[in-house]
Amino acid sequence: MSDYDSDEFLERLRQLTGQTEVWEGFSTEDTEDPQDEVDTEEKDYDSDVSQDLILNTRHLTMATNKPNQGRNYKMNKARAFAADSPETPRTVENLMKIKWNETGLERGEMSHPGQSFVPWKLVKGYPYMYVGKRNSERTAPFFSLAALHEGGRVWDLFYTHYPPGTDKRPLIFVPTYQFQHLLDVINAKLDIKLTIPPGKNELRFNMIFGAGDTPRPRFLGRSSDTEAWTSMTRAIPEPLQDDTWEKATQAGKDEYMNLLYLATSGKSKEKNSERNREKRINNHKAWGQSLKRAQRYLGLREQYRGAATGPATLDLACPPACAPEDSVLFVSIDVEAYEFNQAQVSEVGISTLDATTLAGVAPGAGLPLGSEGWYPSIHARHLRIKENLWVHNKTHVKGCPLNFLFGESEVVSQDDVVPLIQALIQRTVDGKKRNIVLVFHDAAADIKFLQGEGYDILGEENVIDVLDTKEMDQYVTRSHNPHSLESVLRSLNMSYQYLHNAGNDAMYTMRAMVSLALKGRQISVARSKKEKKAATTPASEHVPYAEFKKQEEEDEGWSSGGEDSDGGLAPHRYLKQTRPSW
């Protein structure tokens, strides 16, 4: 230290590190003459190492961080070197207490130089564009317009116009620090670590305008709710006279246009994601309603009449307390075709279940659910098409036309298939047609065959509903991916043989419908009990996992209303949505 006295050395350290605290480790009162400690033998030090010892402030100990100070709080790295007080816990409560100062700007005034902005479209699209699939589903509900204003959250809205002659709508921006605060709150609620993405995308969240005398965003107003946001963004002022480009440099213009491009690129992806999400949610809701209607037809649930009649219960060892609704006849149809030409149908399977025979019969608690009491009421037929008896699939699927397990196969002409099915659907009891509920596994192909044969089975007046075990399984298991019939049977602990025999498949499909309805009802009853118990549990600052899952299910359409809904009336959605494609 011969080249610097102690004060100069400390001052240099302050300049290098940006700190103003006193570094006690280098106090002049505590420092002895270095020559008293130095070995008389001359030492050689590598210059890079010596530089690291001086410039790496992590080797220096501040007075506020000395172990003998007795402080036990945990500080992050930045605060450990930059502050003299413990880090304030970033709890939801503390974060929500943060209030933004007024901007000091009137409507239409230009923002302050150097202010950093995030495009509003990027705020809305963040969970779909920058969050992984798992957390995207968790975080997306926080980015709806209503959720973005939840809890009194306010946004300072700014706008900017495209250059003259550009026929594009103005863009909306918000300060970067307000978006960062939103991420902090979500992180605290879900115990995750959302961040502004690093690298090339970081600029999109830290846009600074005004380079080369180009316009900066202008203040639109402070939005405190969805109504304010909507009204303000619909009334953006026209460009002002000082939004001129005459003085702007070419480099500034290029930078400005680059920022606008970054603000809007990826827009289509966000819209597609939102559109796909809306479609997915609607599907989930429809599947849940369909499952509940199946339970009503089986006597496992009753119609909701404005209030739950009592606590949800289910004892599989006893007959259901409700009577099967509408006295339906379930009819399952399965079609097998030649694997190299789907127009050549080789087998048709038909199974039936008369719901009236289940009254007073316990489904049974053994696995698969319903096998003990209700499976025996299911009956099946196997029709082999005379013109295509030669068909025996072996390449893509292993066909089993000779292995019908539930009776004797019947050989019929293809022209007789539709009349046989039609006679079953139109059969009367005491002069009245039965209410028919069709059951399929992946309905489109089977219905397409009937349509191709000139039979509009969905147009039959007494067909009141269509159930699809593929969709029922996806709803029960909360799966985004459809499963084959074999996978569904395995998940239900159901033994099976000789799949791809149309008669066997029709039987297994009907059994799967019964077991899925029972399993879904079990889950619903258990969930209802948990929710009632959770209602008496004190609220926690962090979102409990069970509460999060409940909210996630509601937001993704997996919740169909619990015990306060019954699936409603059958919408005949196959008639409305899939017929045009056949």
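Numbering of residues starts from 1 in each chain and follows the order in which that chain's sequence is written. Owing to the predicted nature of the model, reporting of local features is limited to residues with pLDDT of at least 70; listing and counting of side-chain atom pairs is limited to 80 or more, with chain, interface and lining totals taken over all residues. Neither water nor hydrogens contribute to the side-chain values; these are computed over all heavy atoms in the structure.

> Tell me about the pattern of salt bridges, and please be specific about residues and values.
Salt bridges are counted wherever a side-chain nitrogen of Lys or Arg sits within 4 Å of a carboxyl oxygen of Asp or Glu. Under the criterion given, the structure shown has nine salt bridges. In this structure, the salt-bridge partner of Glu325 is Arg296, at a minimum N-O distance of 2.6 Å. Taken together, the residues span a long stretch of sequence, with Glu325 in the loop between helix 11 (267–298) and strand 6 (329–338) and Arg296 in helix 11 at a distance of 29 residues. The buried label applies to any residue whose accessible area, calculated with a 1.4 Å probe on protein chains only, is under 20% of its type's maximum; exposed applies above 50%, and partly exposed to all values in between. By relative accessible area, Glu325 is classed as buried at 13%. We count a stretch as a helix when DSSP gives it H or I for four or more residues in a row; a strand needs E for two or more, and each element gets its number in order from the N terminus.

> Run through the sheet that holds strand 13 (residues 463–468), naming residues and quoting values.
Should DSSP find at least two bridges between two strands, the strands are taken to pair. The strand order across the open sheet formed by six strands is 9-8-7-6-12-13, and the pairing between neighbours is mixed. Every other strand in the sheet has two partners, leaving strand 9 (409–412) and strand 13 as the edge strands with one partner each. Along the sheet, successive strands turn relative to each other by an average axial angle of 25 degrees, direction set aside. Pairing geometry for strand 7 (residues 341–354) and strand 8 (residues 378–385), over seven bridges, is antiparallel. Bridge pairing links Glu347 to Arg384 in strand 8. We call two residues contacting when some pair of their heavy atoms lies within 4.5 Å. Between the N-to-C directions of two axes lies an angle of 0 to 180 degrees, each axis being a line fitted to C-alpha atoms and, for a helix, fitted only over the stretch in contact. Contacting strand 6, strand 7, strand 8, strand 9, strand 12 (436–440) and strand 13, helix 12 (residues 414–425) crosses the sheet at an angle of about 25 degrees to strand 7.

> Please provide a residue-by-residue account of helix 9 (residues 226–233), values included.
Regarding helix 9, the residues found buried are Ala228, Trp229, Met232 and Thr233. Each buried residue of helix 9 sits inside an arc of 115 degrees when the element is viewed along its axis, so together they form one side. Close packing links the buried residues of helix 9 with helix 6 (120–129), strand 2 (155–160), strand 3 (171–175) and strand 5 (218–223). Each polar contact in these results corresponds to two N or O atoms within 3.5 Å; when the atoms are within protein, one needs to be able to donate a hydrogen and the other to accept it, and residues that are neighboring in sequence are counted only if both atoms are side-chain atoms. Regarding helix 9, its N-cap is Asp225, as a side-chain oxygen of that residue lies 3.2 Å from the backbone nitrogen of Glu227 further along. Read the arc as the range of directions from the helix axis to the C-beta atoms.

> Any chance you could break down the confidence of the model for the protein chain for me, citing the residues and the numbers?
Each residue carries a pLDDT score, the predictor's confidence in it, ranging from 0 to 100. Per-residue pLDDT for the protein chain averages 80, and the proportion of residues at 70 or more is 74%. Strand 8 holds the highest mean pLDDT among the elements of the protein chain, 98, whereas helix 3 (residues 47–55) holds the lowest, 35. The low-confidence segment residues 573–582 (pLDDT under 50) makes 19 contacts with residues lying over four places distant or belonging to another chain.

> Would you mind going over the packing of aromatic side chains in detail, with residue names and values included?
When we look at a pair of aromatic rings, we describe it by the centre distance and by the angle of the planes. Ring pairs shown here join Phe, Tyr and Trp side chains whose ring centres sit within 6.5 Å, with only the six-membered ring taken for Trp; geometry is labelled stacked below 30 degrees between planes, edge-to-face above 60, and tilted in between. In this structure the tally under the stated criterion is 21 aromatic pairs. Summarising the aromatic geometry, the rings of Trp287 and Trp558 are spaced 6.4 Å apart at their centres and angled 50 degrees between planes, so their arrangement reads as tilted. Residue Trp287 is located in helix 11, and its partner Trp558 is located in the loop between helix 17 (545–555) and helix 18 (573–577); the two are separated by 271 residues in the primary sequence. Between Phe406 and Tyr508, the aromatic rings sit 5.8 Å apart at their centres with planes inclined by 85 degrees, giving edge-to-face as the arrangement. Here the residue Phe406 occupies a position in the loop between strand 8 and strand 9, and Tyr508 occupies one in helix 16 (residues 502–534), the gap between them amounting to 102 residues.

> Which residues make up the side chain of Ser524, and what are the values?
Turning to its location among the elements, Ser524 is positioned in helix 16. One polar contact links Ser524 to Arg301, side chain to side chain, over a distance of 3.5 Å.

> Let's hear about the environment of Ala147: which residues, and what values?
By secondary structure assignment, the location of Ala147 is in the loop between helix 7 (133–139) and strand 2. Judged by its relative accessible area of 14%, Ala147 is buried. Remark: the alpha-carbon pair of Ala147 and Asp225, spanning 78 residues in sequence, is separated by 9.5 Å. Those residues in contact with Ala147 that lie beyond four places of it in its chain are Pro141 and Phe142.

> I'd like a description of helix 13 (residues 443–452), backed by residues and values.
Those residues of helix 13 that fall on the buried side of the exposure criterion are Ala443, Asp446, Ile447, Phe449 and Leu450. Along the axis of helix 13, the buried residues cluster in a sector spanning 150 degrees; they form a single face. Projecting away from the buried face of helix 13 at angles above 90 degrees are the exposed residues Ala445, Lys448 and Gly452. Gly454 sits one or two positions beyond helix 13 and adopts a positive phi of about 85 degrees.

> Hey, could you go over the nonpolar core for me, with residue numbers and the actual values?
Counting 41 residues, the largest nonpolar core has Leu298, Phe330, Leu353, Leu467, Met513 and Val514 as the members making the most contacts within it. Mapped onto this core, the elements with two or more residues apiece are helix 11, strand 8, strand 12, strand 13, helix 14 (469–477), helix 15 (485–491) and helix 16. Counting residues per element, this core draws most heavily on helix 16, which supplies nine residues. Those residues in contact with Phe330 that sit more than four places away from it in its chain are Tyr297, Leu298, Ser351, Thr352, Leu353, Ala355, Val437, Val439, Leu467, Met510 and Met513. Counting residues in hydrophobic clusters, the runner-up holds 30 residues, among them Leu148, Trp155, Ala228 and Met232. Put simply, buried Ala, Val, Leu, Ile, Met, Phe, Trp, Tyr and Cys residues joined by side-chain atoms within 4.5 Å make one nonpolar core.

> An account of the pairing of strand 3 is requested, with residue identities and associated values reported.
Extensive coverage of strand 3 is indicated by the burial of five of its five residues. Across the two faces of strand 3 the burial is the same, with Leu171, Phe173 and Pro175 and Ile172 and Val174 all buried. By the bridge criterion, three bridges tie strand 1 (residues 116–119) to strand 3 in an arrangement that is antiparallel. Its bridge partner being in strand 3, Phe117 is matched across the sheet by Pro175. Pairing of strand 2 with strand 3 involves three bridges; the strand directions are antiparallel. Within strand 3, the position partnered with Thr160 by the bridge is Leu171.

> Which residues make up the pairing of strand 7, and what values go with them?
With ten bridges connecting them, strand 6 and strand 7 associate as antiparallel partners. Considered in strand 7, the bridge of Leu329 is made with Asp354. Taking the residues that link successive antiparallel strands as the turn, the strand 6-strand 7 hairpin has two residues.

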